[in-house]
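Listed below, chain by chain, are the residues.
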Amino acid sequence: MNRMSDTEAEMNEVRRAVPNVAVDGEESLAANRAFYGALGFEEVMDLGWVMTLASPAHPTAQINLIERGGPELVVPDMSVEVTDVDAAYEAMRLAGAEVVRELRNEEWGVRRFFVRDPQGKIVNVLGHAPVGG
């Protein structure tokens, strides 16, 4: 993979990086919610197959619990929210990274793609979809 130039890297800003924990069903989801709750995380989003827990004091400190076998064929290892997901997609393509899932808008209001990092981890790169998009 080619290295991005400093100019390309400056075009985008990372808003947050979130680990994704694959869970197996409702029981596992509840157990993980309780476990991370004991550390101070609170539920801030629940779409049924994915739940986001966040620190009340530092809301960008988050963990995603993603149910295996939900709408995701692959549970990404981490999620990275950027200010310009289209620019991030183009930068990854130009750098020669393997795009695992093409860029698209999701019904829950994000625009995203999956890419494989040099260690083989799957990264969900996302931004908020444009209003109406």
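See the structure printed just above.
Keep in mind it's a predicted model, so treat the numbers as computed, not measured.

Visitor: With reference to specific residues and values, describe the overall build of the protein.
Guide: From N to C terminus, the protein includes 3 helices and 8 strands. For the protein, restricting intrachain contacts to residue pairs at least 6 apart in sequence, the fraction spanning at least 24 positions comes to 48%.

Visitor: Describe a nonpolar patch on the surface, with residues and values.
Guide: Residues V44, M45, L47 and W108 make up a contiguous nonpolar surface patch of roughly 320 Å² in combined accessible area. Take L47: its relative accessible area is 35%, and that puts it in the partly exposed class.

Visitor: Help me get a handle on the environment of R104, residues and values and all.
Guide: Tracing the backbone shows R104 in strand β6 (residues 98–105). Note on R104: relative accessible area 36%, which makes it partly exposed. At a separation of 3.0 Å, a polar atom in the side chain of R104 contacts the side chain of E106.

Visitor: Describe in detail the pattern of salt bridges, supporting the description with residues and values.
Guide: On inspection of all chains with the given rule, the structure shows 9 salt bridges. Ionic pairing is found between E81 and R15, a salt bridge with its closest N-O pair at 3.8 Å. One end of the pair, E81, is in strand β5 (residues 78–82); the other, R15, is in strand β1 (residues 14–23), and 66 residues separate them in sequence. The exposure class of E81 is buried, given its relative accessible area of 6%. Since its relative accessible area comes to 47%, R15 is described here as partly exposed. A salt bridge links R116 to E98; the nearest nitrogen and oxygen atoms lie 2.8 Å apart.

Visitor: Any details on the sheet that holds β1? Residues and values, ideally.
Guide: The sheet built from 8 strands is open, its strands ordered β2-β3-β4-β1-β5-β8-β7-β6 with mixed pairing. Here the strands that pair on one side only, and so sit at the sheet edges, are β2 (42–46) and β6. Neighbour-to-neighbour, the strand axes of this sheet turn through a mean angle of 25°, independent of strand direction. This element, helix α2 (residues 25–38), spans β1, β2, β3 (50–54) and β4 (62–67) of the sheet and lies at about 170° to β4. Sitting on the sheet, helix α3 (residues 85–94) is in contact with β5, β6, β7 (110–116) and β8 (122–128), with an inclination near 20° to β7.

Visitor: Kindly report on the packing of aromatic side chains, identifying the contributing residues and their values.
Guide: All chains considered together, the criterion is met by 4 aromatic pairs. Aromatic pair F35 and Y36: ring centres 4.9 Å apart, planes at 90°, arrangement edge-to-face. A residue is classified by how much of its surface remains accessible, and Y36, at 17% relative accessible area, is buried. Consider the rings of W49 and W108, whose centres lie 5.2 Å apart with planes at 65°: the pair is edge-to-face. Of this pair, W49 sits in the loop between β2 and β3 while W108 sits in the loop between β6 and β7; the two residues are 59 residues apart in sequence, bridging distant segments of the chain. Overall, W49 belongs to the buried group, its relative accessible area being 14%. Members of the aromatic cluster, connected to one another through ring pairs, are F35, Y36 and F41. Note that R101 overlies the ring of F114, its terminal NZ or CZ placed 4.7 Å from the centroid.

Conventions we followed
Residues numbered from 1 in each chain as written. Predicted model: local features only at pLDDT ≥ 70, side-chain atom pairs only at ≥ 80, totals over all residues. Heavy atoms only, no water. Helix = DSSP H or I, 4+ residues; strand = E, 2+ residues; numbered from the N terminus. Contact = heavy atoms within 4.5 Å. Patch = residues over 30% accessible without salt bridge, like charges linked within 9 Å, V, L, I, M, F, W, Y side chains within 5 Å. Areas by Shrake-Rupley, 256 points an atom, 1.4 Å probe, with all protein chains shown as cover. Salt bridge = Lys/Arg side-chain N within 4 Å of Asp/Glu carboxyl O. Buried < 20%, exposed > 50% of the residue type's maximum accessible area, 1.4 Å probe, protein only. Polar contact = N/O pair within 3.5 Å; in protein donor to acceptor, adjacent residues only side chain to side chain. Pairing = 2+ DSSP bridges. Axes fitted to C-alpha atoms, helices over the stretch in contact; angles between N-to-C directions. Phe/Tyr/Trp six-rings, centres within 6.5 Å; stacked < 30°, edge-to-face > 60°. Lys NZ or Arg CZ within 6 Å of the ring centre and 35° of its normal.

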